[in-house]
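Spelled out, the chains give:
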Amino acid sequence: RKEVEQDPGPFNVPEGATVAFNCTYSNSASQSFFWYRQDCRKEPKLLMSVYSSGNEDGRFTAQLNRASQYISLLIRDSKLSDSATYLCVVNFISSGSARQLTFGSGTQLTVLP
Amino acid sequence: NAGVTQTPKFRVLKTGQSMTLLCAQDMNHEYMYWYRQDPGMGLRLIHYSVGEGTTAKGEVPDGYNVSRLKKQNFLLGLESAAPSQTSVYFCASSRGLAGGPTGELFFGEGSRLTVL
């Protein structure tokens, strides 16, 4: 089982729609969580951190459910420019006591006009 | 604001050739990483470094070597390239916090390597 799993999609949604992605993680010792965005043929960039109480940044809302070991990203009023791949990232303590970041494979979103 | 710079951006190699990818960061970050990204596989960690002079293996280290002689530079070497190493390689860096990396990685633009 992968340590971080995402639905690869693709999610094709019309402009203005609300879309949500989930990401599950297997390591209960995971400490911190993030969503990254990667445009086609570009490098990943941090979109937002995910806090225990949930957090919002404009049209984007991130939530964490530690009991069920998943995080989610909600995009409201989607724009054409939101088309990208969204990567879930989990920071956990490895067996060697070092903190490591693990990336999910990403969920592809296409917003259609 | 250079951030993280990778060179070269594109390279075509023949099987068995060697090459080095250079990553440079100007943010004084402690942590540096080399990832490869393949379709459907996501980002996989090859090697990483927690500081000058130290390196460690990641998830897929075989066939690669690294060095971090200076804090700002992290080199990835392929001693004998194989077609399976055809991929997009990303370098990244991050600050340290309380004994580990923060979750904010700064990536270079990527290096596209094709091994024939």
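Please refer to the structure higher up on the page.
Position numbers for residues start from 1 in each chain and track the written sequence from start to end. Whichever chain is written first becomes A and whichever ligand is written first becomes 1, with later ones labelled in order. In view of the model being predicted, local features appear only for residues whose pLDDT reaches at least 70, and side-chain atom pairs are presented and counted only at 80 or more, with totals across whole chains, interfaces and linings using the full set of residues. Side-chain metrics in this entry use all non-hydrogen atoms of the structure; hydrogen atoms and water are not considered.

### Remarks on the state of the cysteines
The bond known as a disulfide is covalent and runs between the sulfur atoms of two cysteines. All names here are of chain B. Cysteine sulfur atoms that come within 2.5 Å of each other are treated as a disulfide pair. Here the structure, examined in full by the defined rule, presents two disulfides over all chains. There is a disulfide in this structure between Cys23 and Cys91, and the S-S distance comes to 1.9 Å. Taking the sign of the S-S torsion, about -75° here, the bridge from Cys23 to Cys91 comes out left-handed. Taken together, the residues span a long stretch of sequence, with Cys23 in strand β3 (residues 19-25) and Cys91 in strand β9 (residues 87-94) at a distance of 68 residues. A relative accessible area of 0% places Cys23 in the buried class. What makes Cys91 buried here is its relative accessible area of 0%. Counting from the N terminus, the helices are the DSSP runs of H or I reaching at least four residues and the strands are the DSSP runs of E reaching at least two. Relative accessibility thresholds used throughout: buried, under 20% of the residue-type maximum; exposed, over 50%; partly exposed, between the two (1.4 Å probe, protein chains only).

### A few points about the pattern of salt bridges
Pairing is possible between side chains of opposite charge, provided their charged atoms come close. Residues and elements named next belong to chain A. A side-chain nitrogen of Lys or Arg and a carboxyl oxygen of Asp or Glu constitute a salt bridge if their distance falls within 4 Å. Across all of its chains, the model carries eight salt bridges over all chains by this definition. Glu56 is the salt-bridge partner of Arg76, the closest N and O atoms lying 3.6 Å from each other. Here Arg76, found in the loop between β8 (70-75) and β9 (84-93), pairs with Glu56, found in strand β6 (residues 55-57); they are 20 residues apart in sequence, far enough to count as distant. Using a relative accessible area of 57% as the deciding quantity, one classes Glu56 as exposed. Linking Asp82 and Arg59 is a salt bridge whose minimum nitrogen-to-oxygen distance equals 2.8 Å. With Asp82 in the loop between β8 and β9 and Arg59 in the loop between β6 and β7 (60-65), this pair connects stretches of sequence that are 23 residues apart.

### Things to note about the interface of chain A and chain B
With 17 residues of chain A at the interface, the matching set in chain B holds 22 residues. Summed over both partners, the accessible area lost on bringing two parts together, with a 1.4 Å probe, is the buried area. Carbon and sulfur atoms supply 52% of the area buried between chain A and chain B, which totals about 1500 Å² over both sides. Applying the counting criterion to the chain A and chain B interface returns zero salt bridges. Elements with a minimum of two residues in the side of chain A that touches chain B: β4 (30-38), β5 (44-50), β9 and β10 (99-103) of chain A. In terms of residue count, β10 of chain A provides more of the side of chain A that touches chain B than any other element does, four residues in total. Any residue outside Ala, Val, Leu, Ile, Met, Phe, Trp, Tyr, Cys, Pro, Asp, Glu, Lys and Arg is labelled polar, Gly included; the first ten of those are nonpolar and the last four are charged. A class-by-class count of the residues in the side of chain A that touches chain B yields seven nonpolar, five polar and five charged. Whether two residues are in contact is decided by their heavy atoms: any pair within 4.5 Å suffices.

### Quick look at the packing of aromatic side chains
Note on aromatic pairs: the rings of Phe, Tyr and Trp (six-membered ring only in Trp) are paired at centre separations within 6.5 Å, and the planes decide the class, stacked below 30 degrees, edge-to-face beyond 60, tilted for the rest. Applying the stated criterion to the full structure yields 12 aromatic pairs over all chains. With a centroid separation of 4.9 Å and 45° between ring planes, the pair formed by Tyr25 of chain A and Phe33 of chain A is classed as tilted. Judged by relative accessible area, which is 3%, Tyr25 of chain A ranks as buried. Of the aromatic side chains, those joined through ring pairs into one cluster are Tyr36 and Phe103 of chain A together with Tyr31, Tyr33, Tyr35, Phe90 and Phe107 of chain B.

### Describing unusual backbone geometry
With an omega dihedral of 5°, the bond running from Gly9 of chain A to Pro10 of chain A counts as a cis peptide bond. Counting through the fold element by element, Pro10 of chain A comes out in the loop between β1 (4-6) and β2 (11-14). Between Thr7 of chain B and Pro8 of chain B the backbone carries a cis peptide bond, its omega angle lying at -5°. Along the chain, the position of Pro8 of chain B falls in the loop between β1 (4-7) and β2 (10-13). Its identity as a non-glycine residue notwithstanding, Arg41 of chain A has a phi of 65°, on the positive side. Inspection of the secondary structure puts Arg41 of chain A in the loop between β4 and β5. Although it is not a glycine, Gln69 of chain A adopts a positive phi angle of roughly 55°. Relative to the elements of secondary structure, Gln69 of chain A occurs in the loop between β7 and β8.

### Considerations on the sheet that holds strand β7 (residues 64-67) of chain B
Sheets are built from strands that pair by backbone hydrogen bonding, the pairs being arranged parallel or antiparallel. All names here are of chain B. Two strands are counted as paired when DSSP detects at least two bridges linking them. One open sheet holds the four strands; their spatial order is β1-β3-β8-β7, and the pairing between them is antiparallel. Sheet topology places β1 and β7 at the edges, where each strand pairs with a single neighbour. The sheet shows a mean angle of 20° between the axes of neighbouring strands, direction not considered. Taken together, the six bridges between β3 and strand β8 (residues 73-78) define a ladder with antiparallel strand orientation. Of the residues in β8, the one forming a bridge with Leu22 is Leu75. Axes, fitted as lines to C-alpha atoms, cover a helix only where it is in contact. Angles between the N-to-C directions of the axes lie from 0 to 180 degrees.

Function-wise, these values are silent; they only describe arrangement.
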